[in-house]
Amino acid sequence: MYLTFTNGVWSEGNVPVMGAMDHGVWLGSSVFDGARAIRGHLPDLRLHLARAIRSAEYLGLTCPYSLEELENLCRIGVGKFPADAELYIRPLIFGTEGLLIPSQSGFALSLFDAPLPPFTGFSACLASQQRPSPLMAPTDAKASCLYPNTTRALRDAKNRGFENAVVCDAEGYVAEFATANLFFVTPEGRLVTPIPNGTFLSGITRARVIDLLATQGVQVEQRSVQIEELLTAREIFNTGNFAKVMPCTRFESHQMPVGEIASLARRLYLDFMAAS
């Protein structure tokens, strides 16, 4: 099932919202965010919607709805699905008018079935692509124009027989997976994640997992990470809105089990979600 809200109307299916002359189509001025509704639970919904509004502002766009109005729209949309539905919630804000600088903005909210993936391992390789610096791209926004580079990394990984890719920043330090933030456990047992340096979004689920692990006495070291460190890691996992917590069981030729920390992070997140 697929619902779209635009121009004040809920419709089924993938409703067209942009024309060939719209700024968002030909000049790439669009932002989005992703939230989740899992069997009626909407973890960190307001944080995702607030980030969508901020992202729009960073690109000179204007969200036509307040945070409260957006939240209400999302809850109305979720209510149109079965109570046990597992959904992806995607607000989209895009430029409509303007030559180079967008002068008007459009909006669409999409909700669609997207079951939470099973907690099984995925493989990843090192991408040849890099994350841009903040001076080269709008890295402070969840901007659509950043994603073609992500799809290049994913396409190359798939061609090599992997499911995801580890992307570095312009200095050669590990930034994140192509689709989510990255954590790993060192041979000594320390939990590490790349420190936010402006080249990638420090995710909402990432922050939530760090806070949840802290309640169990698990501290996360945030620092610059060399790619070689992943080749000796006890475990690697990612955090992101789509799958929440997912273990990486192979990086290049390095095989790893589904680890204790990833399993703990997943359990803590699911407990948090159930209470939200």
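Structural data are supplied above this passage.
The rules behind the values
- Residues numbered from 1 in each chain as written.
- Predicted model: local features only at pLDDT ≥ 70, side-chain atom pairs only at ≥ 80, totals over all residues.
- Heavy atoms only, no water.
- Helix = DSSP H or I, 4+ residues; strand = E, 2+ residues; numbered from the N terminus.
- Rg over C-alpha atoms; globule rule 2.2 N^0.38 Å.
- Buried < 20%, exposed > 50% of the residue type's maximum accessible area, 1.4 Å probe, protein only.
- Contact = heavy atoms within 4.5 Å.
- Areas by Shrake-Rupley, 256 points an atom, 1.4 Å probe, with all protein chains shown as cover.
- Pairing = 2+ DSSP bridges.
- Patch = residues over 30% accessible without salt bridge, like charges linked within 9 Å, V, L, I, M, F, W, Y side chains within 5 Å.
- Salt bridge = Lys/Arg side-chain N within 4 Å of Asp/Glu carboxyl O.
- Core = buried A, V, L, I, M, F, W, Y, C linked by side-chain atoms within 4.5 Å.
- Right-handed = clockwise from strand over helix to strand, strands pointing away.
- Phe/Tyr/Trp six-rings, centres within 6.5 Å; stacked < 30°, edge-to-face > 60°.
- Lys NZ or Arg CZ within 6 Å of the ring centre and 35° of its normal.
- Axes fitted to C-alpha atoms, helices over the stretch in contact; angles between N-to-C directions.
- Parallel < 35°, antiparallel > 145°, perpendicular 65-115°, else oblique.
- Nonpolar A, V, L, I, M, F, W, Y, C, P; charged D, E, K, R; others polar.

**Section: the overall build of the protein**
The helix and strand inventory of the protein stands at 6 helices and 15 strands. The globule rule puts the C-alpha radius of gyration for 276 residues at 19 Å, and the 19 Å found for the protein is close to it. Expressed along its principal axes, the backbone C-alpha trace of the protein runs to roughly 55 × 40 × 30 Å. By residue count, 53% of the 276 residues in the protein fall in the buried class. For the protein, restricting intrachain contacts to residue pairs at least 6 apart in sequence, the fraction spanning at least 24 positions comes to 70%. For the protein, the exposed area adds up to about 12600 Å²; of that, 55% sits on carbon and sulfur atoms.

**With respect to the pairing of strand 10 (residues 181-185)**
Of all 5 residues in strand 10, 5 are buried, a share of seventy percent or more. Two strands pair when backbone bridges link them, and strand 10 and strand 13 (residues 235-240) are joined in this way by 5 bridges, in the antiparallel orientation. By the bridge assignment, Phe 184 is partnered in strand 13 with Ile 236. The pairing of strand 10 with strand 11 (residues 191-194) spans 2 bridges and is classified as antiparallel.

**Observations concerning a nonpolar patch on the surface**
Taken together, the side chains of Met 18, Val 25, Trp 26, Leu 27, Leu 99, Leu 100 and Ile 101 define a hydrophobic patch exposed on the protein surface, amounting to about 730 Å² of accessible area. Relative to the elements of secondary structure, Leu 99 occurs in the loop between strand 5 (86-95) and strand 6 (105-113). Overall, Leu 99 belongs to the exposed group, its relative accessible area being 62%.

**A few points about unusual backbone geometry**
It is generally the case that most residues other than glycine have a negative phi and that most peptide bonds are trans. In this structure, Asn 7 is a non-glycine residue whose phi angle is positive, near 55°. Its identity as a non-glycine residue notwithstanding, Glu 252 has a phi of 50°, on the positive side. For Glu 252, the location among the structural elements is in the loop between strand 14 (244-251) and strand 15 (254-255).

**Some words on the nonpolar core**
Ranked by size, the top nonpolar core spans 31 residues in total, and within it Ile 89, Phe 107 and Leu 109 carry the most contacts. Every element with two or more residues in this core is listed here: strand 1 (2-6), strand 4 (35-38), helix 2 (45-58), helix 3 (67-78), strand 5 and strand 6. Not counting chain neighbours up to four residues away, the residues in contact with Leu 109 comprise Leu 3, Thr 4, Phe 5, Trp 10, Leu 73, Cys 74, Ile 89, Arg 90 and Pro 91. Of all hydrophobic cores here, the second largest spans 21 residues; its members include Ile 38, Phe 183, Val 220 and Tyr 269.

**Section: the side chain of Ser 110**
Here Ser 110 is to be found in strand 6. Taking the relative accessible area as the measure of exposure, Ser 110 reaches 2% and is therefore buried. Filtering out sequence-adjacent residues up to four positions away, Ser 110 remains in contact with Tyr 2, Leu 3, Thr 4, Tyr 88, Ile 89 and Arg 90.

**Brief notes about the pairing of strand 12 (residues 220-223)**
Bridge analysis of strand 11 against strand 12 gives 4 bridges, and the strand direction is parallel. Bridge pairing in strand 12 places Leu 191 opposite Val 220. For the segment spanning strand 11, helix 5 (residues 204-214) and strand 12, crossover handedness is right-handed.

**Considering the pattern of salt bridges**
In the structure shown here, the tally under the stated rule is 13 salt bridges. Among the salt bridges present, the one from Glu 71 reaches Arg 75, with a minimum N-O distance of 3.2 Å. Of the two residues, Glu 71 and Arg 75 both sit in helix 3, 4 residues apart, roughly one turn of that helix. Residue Arg 75 is classed as partly exposed on the basis of its relative accessible area of 43%.

**Focus: the packing of aromatic side chains**
A complete count under the given rule lists 10 aromatic pairs for this structure. Centre to centre, the rings of Tyr 88 and Phe 242 are 6.3 Å apart; their planes meet at 45°, and the pair counts as tilted. Here Phe 242 lies in the loop between strand 13 and strand 14 and Tyr 88 lies in strand 5, a separation of 154 residues in the sequence. Judged by its relative accessible area of 14%, Tyr 88 falls in the buried class. Here the aromatic cluster, defined as three or more aromatic residues joined through ring pairs, consists of Tyr 2, Tyr 88, Phe 112 and Phe 242. Lying across the ring of Phe 242, Arg 36 places its NZ or CZ 4.9 Å from the centre.

**Notes on the packing of helix 5 against helix 6 (residues 260-275)**
Contact geometry for helix 5 and helix 6: axes closest at 9 Å, N-to-C directions at 100°. On the basis of their axis angle, the class for helix 5 and helix 6 is roughly perpendicular. Across the interface between the two elements, Thr 205, Arg 208, Val 209, Leu 212 and Leu 213 from helix 5 touch Leu 264, Ala 265, Leu 268, Tyr 269 and Phe 272 from helix 6. Grouping the constituent residues of the contact of helix 5 with helix 6 by class yields 8 nonpolar, 1 polar and 1 charged.

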